[in-house]
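Residues per chain, in single letters:
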Amino acid sequence: MFVQLLLSLAMLVAVATGGWLVADAVGALVAVLVAAAGWMAFDHGRAARAIHWLRSGAIEPMPQFLGVWGEVVYRAHQQLRSRARDLAASDARLQEFLAAIQASPNGVVLLDQLGRIEWCNRTSAEHFGFDARRDLLQLIGNLVRDPAFVAYFQSGNYDRELVMTRPSSSASQPMKVAVQLHPYGQGRRLLLSRDVTAIDQAETMRRDFVANVSHEIRTPLTVLAGFVEALQTLALEPHEQTRYLGLMASQATRMQTLVSDLLTLSKLDGSPPPGRTDWVALSDLLATCLQEAKALSGMLCADLPHRLIFAEALSLAEKQHLELAGSRAELHSALSNLINNAVRYTPGGGQVGVTLHWLDGRLSIAVHDSGPGIEAEHLPRLTERFYRVDRSRSRETGGTGLGLAIVKHVVQRHGGELQLSSQVGTGSRFVVVMPAERVRRSDVAERGLQSAHRSEAVAADTSDQRSDQGFDQAVK
Ligand code: ADP
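The model shown is predicted, which means the values in this text are computed figures rather than measured ones. Positions within a chain are numbered from 1, following the residues in the order the chain's sequence is written. Reporting of local features is limited, given that this is a predicted model, to residues whose pLDDT is at least 70; pairs of side-chain atoms are given and counted only at 80 or more, and all residues count toward the totals for whole chains, interfaces and linings. For the side-chain quantities, the full set of heavy atoms in the structure was used; hydrogens and water were omitted.

1. Looking at the site of the ligand
In step 1: Whether a residue is near a molecule or strand depends on its heavy atoms: if one lies within 4 Å, it is near. If you check the shell around the ligand, you find 20 residues, and the closest are Asn341, Tyr345, Asp369, Ser394 and Leu404.
In step 2: Definition of a polar contact: a pair of N or O atoms within 3.5 Å, with one able to donate and the other able to accept a hydrogen when the atoms are protein atoms, and with sequence-neighbouring residues admitted only if both atoms are side-chain atoms. The side chain of Asn341 places a nitrogen or oxygen atom 2.8 Å from an oxygen atom of the ligand.
In step 3: Only the protein chains shown count as cover for residues, and all accessible areas are computed by the Shrake-Rupley method using a 1.4 Å probe. Protein coverage of the free-state accessible area of the ligand, which is 530 Å², stands at 98%.
In step 4: Runs of H or I in DSSP of at least four residues are treated as helices and runs of E of at least two as strands, each being numbered from the N terminus. Broken down by secondary-structure element, the contributors of at least two residues to the shell around the ligand are helix 11 (328-345), helix 13 (403-413) and strand 12 (427-434).

The structure is reproduced here in structure tokens:
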């Protein structure tokens, strides 16, 4: 800058000296004035270009000057580039920050002083039914009309969170969301939301479960207490005493069965799924279930027992030496629950059978009966704990309402699927589909029939095979 000034002065001195030498003092003055005017015009042109460039806002291209204006423009260019770099970096940080909030499973809404939406993430848009773009700058009070939310929003007291129903909730699929407001900045508010549908459902289930268990235990306990009181206070005949004691024993058994089923369920709930190292012979499982079904049928309908159709399934399981990977106790519990249900709900003389089918490497084990059938509306709820269609039949035959819940749990733990189908008046069909990786077969013809009781069962049931197949078609 100083050099520039010296050069300009030297130039003026040179011009004046030139003018003096060529003319006189007046000539020198004129020469200096002309030179100064020319210089000013030139300098003004450069200043105008520099200001035009600065006003344009574009950093590039930078005008090129020598001297002072070159320095000024160069410094301004450096400043602008550095500011642009800072801006880009902070914009990138902001975008990353917003992307992180977008990825959050929780809803985030930023509200201005008036309660208008300044920004919201996708999750919050789903929770509240917003349109994340269209509803920007809309008043939240106009968009979320739930009276509980409106009261909470207006109260100004945001110490607790509010649980409200999501707008997309329906009777068949209730959805809940917990919301809480947090004031920040100058009168702004942060609205956070999280889906609590699963927690709400679990809490409802827990309450229902406790209520159901209490009810199931209270009923036999009340009956037992009544009989105890009768025995204590009344002078009963010996035969009456025997009858009362028999009834008391059956109530005690009912409670024992209930406790045992509850323990089974809690074990299933709390243990890891069974591994795939232990293999259980399906023929053994079926043979055991057949024996149990015979005993149960004899007990319930001594005069007219059921026709138990297991022969084909048993012989296939033996011929192909079918094995299932998993827990023997659990698999037995699942199959025996289904087979015993079929016996319990089918009147004496009816058919109860098991059939096996291969489905693309998976094995389906179908338990079918010719009982009263179940109306379609009950089918989706049948595996719920304590859900019963025929309450009195369930109680009369020692049911706890937990059998199918146990079956479903066991089947799912083994990676399988439980399928139900039924026709009122025709019968029901419960199918356990085991995944291919938990089924193995080794067709060894020589294995033959290995145990005497199984041979007997096959002989007794062979005559029923044809009707079994016929029934299968009917319920499919
Ligand atoms: P429960 O101990 O009462 O039998 P489950 O969970 O085993 O409980 O079965 C639930 C309900 O499903 C039963 O109460 C009964 O009404 C119905 N059910 C189950 N199996 C059959 C079947 N084979 N035929 C008709 N109804 C059945």
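What follows continues from the structure just given.
2. Some thoughts on the environment of His357
In step 1: Along the chain, His357 turns up in strand 9 (residues 351-359).
In step 2: A residue is classified by how much of its surface remains accessible, and His357, at 29% relative accessible area, is partly exposed.
In step 3: Through-space distance from the C-alpha of His357 to that of Leu316 is 9.7 Å; in sequence the pair is 41 residues apart. Categorising residues by exposure relies on relative accessible area from a 1.4 Å probe, with only protein chains included: less than 20% of the type maximum marks a residue as buried, more than 50% marks it as exposed, and the intermediate range marks it as partly exposed.

3. Things to note about the side chain of Ser327
In step 1: By the secondary structure assignment, Ser327 is in the loop between strand 8 (323-325) and helix 11.
In step 2: A distance of 3.1 Å separates a polar side-chain atom of Ser327 from the backbone nitrogen of Glu330.

4. With respect to the pairing of strand 10 (residues 362-369)
In step 1: Across the eight residues that make up strand 10, a large majority, seven, are buried.
In step 2: At least two DSSP bridges between two strands are required for those strands to pair. Sheet topology places strand 9 next to strand 10; eight bridges connect them, and they run antiparallel. Note that in strand 10 the partner of Leu359 across the bridge is Arg362.
In step 3: If you look at the hairpin formed by strand 9 and strand 10, you'll find two residues sitting between the two strands, and Asp360 has a positive phi there, around 50°.
In step 4: As paired strands, strand 10 and strand 12 are joined by seven bridges and run antiparallel to one another. Bridge pairing links Asp369 to Ser428 in strand 12.

5. Points about the sheet that holds strand 2 (residues 117-120)
Note: strands within a sheet are paired through backbone hydrogen bonds, in either parallel or antiparallel orientation.
In step 1: A sheet is described by the order of its strands in space; here five strands give the open sequence 2-1-5-4-3, paired in antiparallel fashion. Each edge of the open sheet carries a strand with a single partner, namely strand 2 and strand 3 (162-165). Shown here is a sheet whose adjacent strand axes are inclined to one another by a mean of 25°, direction ignored.
In step 2: Contact criterion: two residues are considered in contact whenever any of their non-hydrogen atoms come within 4.5 Å of each other. Every axis corresponds to a line fitted to the C-alpha atoms, with the helix fit spanning only the stretch in contact, and the corresponding angles, defined between N-to-C directions, vary from 0 to 180 degrees. Running over the sheet, helix 6 (residues 147-155) touches strand 1 (107-111), strand 3, strand 4 (176-184) and strand 5 (188-195) and is turned about 15° from strand 4.

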